[in-house]
Amino acid sequence: MTSTFDADAGVVAVSGLTKRFGAVTAVDDLSFTVTPGRVTGFLGPNGAGKTTTLRMILGLATPDAGTVTIGGVGYSERPRPAHHVGAALETASFHPGRSARDHLRVYAPEVGVPDSRCDEVLSLVGLMEAADRRVGGFSLGMRQRLALATTLLGDPQVLLLDEPANGLDPEGIRWLRQFLGYLAGQGRTVLVSSHVLSEVQQTVDDVVIIAKGRLIRESSLADLEKQARPAVRVVSPDAEGLERLVRESGWLAQFEAPGIAAISDQHASDVGAAAFAHGLELHELRAAGTNLEDLFLALTSEQTS
Amino acid sequence: MIAALRTEVRKTTTTRAWWINATVMFGYMLVLAAIMAASFVLSIRSEGASSTGLPGGGTLDPEAIASSVYTLAVALGYIFPAVLGALVVTSEFRHRTITPTLLAEPRRTLVLVSKLVAVLPFAVVVSVAGVVGTVLGGAGTLALMGEPTFLSDTDMVRTIAMSVVALVLWALVGVGFGAVLTNQVAAIVVLLVFTQFVEPLLRILMAQFDATETLSKFLPGAAGEAIAGSSLYVSSGLADLLTAWQGVLVLLGYALVFLVIGRLTTFRRDIG
């Protein structure tokens, strides 16, 4: 797909960003770059400094040190920033007495779009039928969709979304995944924050992982996945048979006791199939390796301890 | 600026608070003016014009009764436009809509000035509703009791019209106050306590000493009454007032000083 966007204008560059709240350093010399045309996951446990970072990117909070630019310009320096950058920070940012359409109509003049754009974005996020209902009666999932609609008002090149999957049901998460992928495919920059990797694992192309305000990892998801190693734990009443299977299969394994083996770098399905082919009786067969979520937890908890 | 104004006006038109405010003020002033008119008339009928039981020991002739009643909105009802103005700022913090507001328009001074200007049409509606309620209740009661209403008196009409001006200015003071105290519940409670209790008490106390009597004219409530040119306090012999223009400047001054303080404190800090 040919992109209609200038790639340089979509680059979010965070450099040496630091924010202190009293004695607590919420964001600590943080630097990373978000590139256009990809969905980037901004990940870290609760309290890692994700929202504080986003607030500084958006000019809502002033950094103690460091700089943030979007397309080379600070957010607040743009005359009509919502035309270039769409951001949603909190799902609760609605007046409960306003209808969904009225919520959008309020911001339309400042974003710089005609009122007809409000119905367009409501259709885009599938909220058209609820357009005239008061937001006070909305479910969390509907609020998430309305927050997304608000960010899309100005048809922005850069989307910054704080925990957009929070409160969505599995169907909603699937919809969000496809929608964000579609937007990134148009050449837009999409950054989504989350405190659970598995929530956005199938959505993101790149990851920026932080903990305690510091950068832990900035890479593609594929590179991160290479680090995750599968392993299988097997229990068999036939200790000799199990040893023979491991030897003949050429697996790397550790025997905790006769008949109990931890096999590295193998998937449970392959081990199970091999045991069945050898006629070996198994009493336990269980995946025991580091999956991506374990890796994420390990990476972020190193910093915390 | 035009875009920011349209956004701010829409924030008010898309919620119900402003016309509830206008409706309640209309009803409250209608009832209050009727009760006060009736009690003034009854008190001069039973005790003669020499004593009305007012704290200053002043006298009320029929014209003073009428002007005291017609300016009740300015003397006691200004809490309504003040709250209208405060809510323009505080509801953004209560519902956290200040975040999308500042994302759409990061220039915070422009946001505050837009709020100050955009509240004006709604302040006019609320103020007219309050003054119409006051005059209907007051004049209706006076007419029913066979007293003159003075509604064809040009000075009285001027007083009534100027009380609308005073109430509109109170909405601006409210916007400024909301920018200083953004907690909605706290802002409303402080406005209520100050306007309904602290200031009336201060004015009675300050009127007792020469040194403080002059100063009491510069209290916001006194300034509002000065714009209307008359009030219950004056009729009761408690205090003199500034001129109407001085009153306008004093209330505008309160609004702008609050707004600047709000800009330099709440609106300079991190938000969102």
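Every value quoted in this text rests on a predicted model; they were computed, and no experiment measured them.

Asker: Whenever I open this one, the nonpolar core confuses me. Can you help?
Answerer: For soluble globular proteins, nonpolar side chains are generally found buried alongside one another. Counting residues in each nonpolar core, the largest one holds 101 residues, and the members touching the most others are L58(A), L160(A) and Y70(B). Sorting elements by how many residues they give to this core places helix 9 (residues 154-180) of chain B first, with 15 residues. Leaving out residues up to four positions away in the same chain, Y70(B) has contacts with T134(B), V135(B), G138(B), A139(B), L142(B), T149(B), L151(B), M156(B) and I160(B). Ranked by size, the runner-up nonpolar core spans 54 residues in total, among them A82(A), L127(A), V207(A) and L292(A).

Asker: How should the sheet that holds strand 4 (residues 65-70) of chain A be read in this particular structure?
Answerer: Two strands in a sheet stick together by hydrogen bonds in their backbones, pointing the same way (parallel) or opposite ways (antiparallel). Residues and elements named next belong to chain A. Across the sheet, which stays open at both edges, the three strands sit in the order 2-1-4 with antiparallel pairing between neighbours. Looking at which strands have only one partner, the edges of the open sheet turn out to be strand 2 (24-34) and strand 4. Mean inter-strand twist for the sheet, computed between neighbouring axes without regard to direction, equals 20°. Sheet strands touched by helix 1 (residues 50-57): strand 1 (12-21), strand 2 and strand 4. Its angle to strand 1, the strand with the most contacts, is close to 115°.

Asker: Sorry if this is basic, but what is going on with the interface of chain A and chain B here?
Answerer: It is common to report an interface's size as the accessible area lost on association of the parts. At the interface, 32 residues of chain A touch 26 residues of chain B. Roughly 2,700 Å² is buried in total at the junction of chain A and chain B, and carbon and sulfur atoms are behind 54% of that figure. Ranking the residues of chain A by area buried against chain B places L60(A), Y107(A) and E110(A) at the top, with a combined share of 26%. Along the contact surface separating chain A from chain B lie two salt bridges. For the salt bridge of K19(A) with D270(B), the shortest nitrogen-to-oxygen distance reads 2.5 Å. No other element matches helix 2 (residues 100-111) of chain A, which puts seven residues into the side of chain A that touches chain B. A class-by-class count of the residues in the side of chain A that touches chain B yields 16 nonpolar, six polar and 10 charged.

Asker: I keep staring at the packing of helix 10 (residues 184-206) of chain B against helix 12 (residues 220-228) of chain B and nothing clicks. Help me out?
Answerer: Axis angle and axis distance: for two packed helices, these are the angle between their axes and the distance between the axes, and together they describe the pair. Residue and element names in this part refer to chain B. Relative orientation of the contacting elements helix 10 and helix 12 amounts to 85°, with a least axis distance of 9 Å. In this view, helix 10 runs roughly perpendicular relative to helix 12, as classed from their interaxial angle. In this structure, helix 10 uses F194, E199 and R203 to contact helix 12, whose residues at the interface are P220, G221, A222 and E225. Of the residues that constitute the contact of helix 10 with helix 12, the class distribution is three nonpolar, one polar and three charged.

Asker: Where do I start with a negative patch on the surface in this structure?
Answerer: Residues and elements named next belong to chain A. On the surface, D238, E240, E243 and E281 cluster together into a negatively charged patch. Positionally, E243 belongs in helix 8 (residues 239-249). On the accessibility criterion, E243 (39% relative accessible area) is partly exposed.

Asker: What am I meant to see in the sheet that holds strand 12 (residues 260-264) of chain A here?
Answerer: Residue and element names in this part refer to chain A. The strand order across the open sheet formed by four strands is 11-12-10-13, and the pairing between neighbours is antiparallel. Bordering the open sheet on either side are strand 11 (253-257) and strand 13 (284-287), each of which pairs with just one other strand. Ignoring which end each strand starts from, the neighbouring axes of this sheet average 15° apart. Pairing of strand 10 (residues 231-235) with strand 12, which is carried by five bridges, proceeds in the antiparallel orientation. Across the sheet, V232 pairs through a bridge with I263, a residue of strand 12. Across the face of the sheet, helix 8 comes into contact with strand 10, strand 11 and strand 12 while running at roughly 170° to strand 11.

About the thresholds
Within every chain, residues take consecutive numbers counted from 1 along the sequence as written. A letter from A marks each chain and a number from 1 marks each ligand, given out in the order of writing. This being a predicted model, a pLDDT of at least 70 is required before a residue's local features are given, and a value of 80 or more before pairs of side-chain atoms are given or counted; all residues contribute to the totals for chains, interfaces and linings. Heavy atoms throughout the structure, all of them, feed into the side-chain values; hydrogens and water do not. Definition used in this section: a nonpolar core is a set of buried Ala, Val, Leu, Ile, Met, Phe, Trp, Tyr and Cys residues joined via side-chain atoms within 4.5 Å. Here's how the labels work: a residue is buried when its accessible area is under 20% of the maximum for its type, exposed when over 50%, partly exposed in between, all with a 1.4 Å probe on protein chains only. Think of it this way: any DSSP run of H or I at least four residues long counts as a helix, any run of E at least two long counts as a strand, and we number them from the N terminus. Whether two residues touch is decided by their heavy atoms; if any such pair falls within 4.5 Å, the residues are in contact. For two strands to pair, DSSP has to find at least two bridges joining them. Note on geometry: axes are C-alpha line fits, over the in-contact stretch for helices, and angles between N-to-C directions span 0 to 180 degrees. Joining two parts hides part of their accessible area as seen by a 1.4 Å probe, and the buried area is that hidden amount summed over both. Salt-bridge detection follows one rule: a side-chain nitrogen of Lys or Arg within 4 Å of a carboxyl oxygen of Asp or Glu. Polarity classes work like this: nonpolar for Ala, Val, Leu, Ile, Met, Phe, Trp, Tyr, Cys and Pro, charged for Asp, Glu, Lys and Arg, and polar for all others, with Gly in that last group. To sort the angles, those under 35 degrees are grouped as roughly parallel, those over 145 as roughly antiparallel, those from 65 to 115 as roughly perpendicular, and the leftovers as oblique. Patches here: salt-bridge-free residues with over 30% relative accessible area, like charges joined within 9 Å, nonpolar side chains (Val, Leu, Ile, Met, Phe, Trp, Tyr) joined within 5 Å. The Shrake-Rupley method, run with a 1.4 Å probe, gives the accessible areas here. Residue values count only the displayed protein chains as cover. By the counting scheme adopted, Arg and Lys are positive, Glu and Asp are negative, and His together with the chain ends is not counted. For this purpose, a charge sits on NZ of Lys, CZ of Arg, CG of Asp or CD of Glu.

So far we have only geometry, and geometry alone does not tell us how the molecule works.
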